[in-house]
Amino acid sequence: MTFLNFGFRLAWTAFGCLILFVSACQKEELEEPAVPAPPLAHNMAADRSYGNNLSNFIASSLDLSSFNAAVHKTGLTELLSRSNLNATVLAPTNDAFSLLPPPFNNGQNINSISDPKTIQQLRQIIRYHILKGARTIDQLANSPYHTYAPAATNGADRVFFGRTISNLVFVNGKSEIIAIDIQTSNGIIQVVNRVLFPPAQDLGQIILYTNGFSTLNAALDKTGLRYTLFTPWSDFTFFAPTDTAFAALPPPFHNAAAIESISNDQTIDELRNLLLYHLVPGRIFSVDFREGEMPETALPGDILTFSISNGLKVKGAGNNTGSTILQTDLLARNGVVHVIDQVLAP
């Protein structure tokens, strides 16, 4: 599998596997289609103030007909019609839904869904697009916001906003807001170009169930850091080196078998510090990277350096060159993963 395909495959795990929500679906491969340039609908263009409520506006918008079908199918019309709702709705366009597999790729197919379990799980996804509190684009700071999605586990009901250097606004690092601040009587609509998926896994599960991380998994087990990535109340950005990245290191860190055979405590401590250097407290999505920014890592006193001028890169103090980020913004309940092609050296 290629890591370039993994981001959208992870999205399928949350939504394409919305019927099952099983981590075993991590093994599947899906191609990531290009996101088409969104047309600016006539009713989203100039006047952004509407007397209708959220439900009525969504129902009247041609570009949101698939989202409207999902709202209606899941019984959320009543929620979006409440006069005192005061919510922000992240409304995916029809083009956003068209990227999904049937029966979720258009309104007609969504209307045909009859399985109660599928409808209930679709309902959870749609509720993940409804934020508590009406906020304009300027009021949506680069921070987490709770949604109406059920929080079965810590962090599963939150969305995260970030801004590029040119001030484009993204949700969860992947979905861009393409039409802003549509005012209705009971809330505000922000239109997005990708359907959002609540995280179904922790950082540790993403690493455990993804091909290409066997050496990293062996290192996490050997150092006792596996639990750190499963802790639901943690919040980390994890730069995850591939097996190929580890293969460039000298023994005994070059493959899983060699790491599993380590028995010397000093060597294990060295490996633990190496892994801690790949953890940054807090969530940093790719849109938040800035040239020359130096975040502190979980290894006390040590920093990384970001570069965006020639593609996204992250460099350790002991590296001669920056590590290319192969895949960005793999959302977990307790953080975010960026896949890298070189082990970071303190």
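See the structure shown above.
Predicted model, so just to flag it, every value in this text is computed and none were measured.

Caption draft 1: Summary view of the nonpolar core. Of all hydrophobic cores here, the largest spans 42 residues; its most connected members are Ile207, Leu216, Phe239, Val314 and Val337. Top contributing element to this core by residue count: helix 13 (residues 265-276), with five residues. Leaving out residues up to four positions away in the same chain, Leu216 has contacts with Ile207, Phe238, Ala240, Pro241, Asp243, Phe246 and Leu275. In terms of nonpolar packing, the next biggest core, distinct from the first, is built from 33 residues, Leu54, Ile58, Leu76 and Ala96 among them.

Caption draft 2: Inspection of the environment of Ala87 at higher detail. As for its placement among the helices and strands, Ala87 is situated in strand 1 (residues 87-92). For the pair Ala87 and Thr184, spaced 97 residues apart in the sequence, the C-alpha separation amounts to 9.9 Å. Setting aside its immediate chain neighbours within four residues, Ala87 contacts Leu54, Ile130, Leu131, Gly133, Ala134, Asn186, Gly187 and Ile188.

Caption draft 3: Geometry of the pairing of strand 11 (residues 313-316). Of the two faces of strand 11, the one lined by Val314 and Gly316 is fully buried and the one lined by Lys313 and Lys315 carries no buried residue. Of the pairings in the sheet, the one linking strand 10 (residues 304-307) to strand 11 comprises four bridges and is antiparallel in character. Bridge pairing in strand 11 links Thr305 to Lys315. The loop that links strand 10 with its antiparallel partner strand 11 comprises five residues; one of these, Gly311, has a positive phi angle of about 90°. Where strand 11 and strand 12 (residues 323-332) come together, two bridges link them in antiparallel fashion. Paired with Val314 across the two strands is Ser323, which belongs to strand 12. The turn joining strand 11 and strand 12, which pair antiparallel and follow one another in sequence, is formed by six residues.

Caption draft 4: Expanded view of the packing of helix 3 (residues 65-73) against helix 7 (residues 116-127). Where helix 3 contacts helix 7, the two axes come as close as 9 Å, and the packing angle between them is 120°. With respect to their mutual orientation, helix 3 and helix 7 come out oblique. Regarding helix 3 and helix 7, the two cross each other, and that crossing is left-handed. Two secondary-structure elements touch here, helix 3 through Phe67, Ala70, Val71 and Lys73 and helix 7 through Ile119, Leu122 and Ile126. For the contact of helix 3 with helix 7, the class distribution of residues is six nonpolar, no polar and one charged.

Caption draft 5: Summary view of helix 13. Helix length check: helix 13, at 12 residues, gives a terminal C-alpha distance of 16 Å against a target of 16 Å (1.5 Å per residue), a fit within 8%. By the burial criterion, the buried members of helix 13 are Thr267, Ile268, Leu271, Leu274, Leu275 and Leu276. Packing partners of the buried residues in helix 13 comprise helix 9 (214-223), strand 8 (236-241), helix 11 (243-247), helix 12 (256-260) and strand 9 (279-281). Structurally, the start of helix 13 carries an N-cap: the backbone nitrogen of Gln266 is 2.9 Å from a side-chain oxygen of Asn264.

Caption draft 6: Region of the structure containing the environment of Gln108. With respect to the element layout, Gln108 can be found in helix 6 (residues 107-111). Residue class for Gln108 comes out exposed when judged on its relative accessible area of 65%. Sequence separation between Gln108 and Ser66 is 42 residues, and the spatial gap between their C-alpha atoms is 7.8 Å.

Caption draft 7: The side chain of Asp181, seen in detail. Positionally, Asp181 belongs in strand 6 (residues 175-184). Look at Asp181 and you get buried, because its relative accessible area is 16%. There is a polar contact of 2.7 Å between the side chain of Asp181 and the backbone nitrogen of Ile137.

Caption draft 8: Quick look at the sheet that holds strand 6. With mixed pairing, the seven strands of this open sheet are ordered in space as 2-1-7-6-5-4-3. At either end of the open sheet lies a strand with only one pairing partner, and these are strand 2 (130-132) and strand 3 (144-146). Looking at each pair of strands side by side, their axes are set apart by 35° on average, direction ignored.

Definitions and cut-offs
Residues numbered from 1 in each chain as written. Predicted model: local features only at pLDDT ≥ 70, side-chain atom pairs only at ≥ 80, totals over all residues. Heavy atoms only, no water. Core = buried A, V, L, I, M, F, W, Y, C linked by side-chain atoms within 4.5 Å. Buried < 20%, exposed > 50% of the residue type's maximum accessible area, 1.4 Å probe, protein only. Helix = DSSP H or I, 4+ residues; strand = E, 2+ residues; numbered from the N terminus. Contact = heavy atoms within 4.5 Å. Pairing = 2+ DSSP bridges. Axes fitted to C-alpha atoms, helices over the stretch in contact; angles between N-to-C directions. Parallel < 35°, antiparallel > 145°, perpendicular 65-115°, else oblique. Left-handed = near helix turned anticlockwise from the far one by under 90°. Nonpolar A, V, L, I, M, F, W, Y, C, P; charged D, E, K, R; others polar. Expected span 1.5 Å × (residues − 1). Polar contact = N/O pair within 3.5 Å; in protein donor to acceptor, adjacent residues only side chain to side chain.

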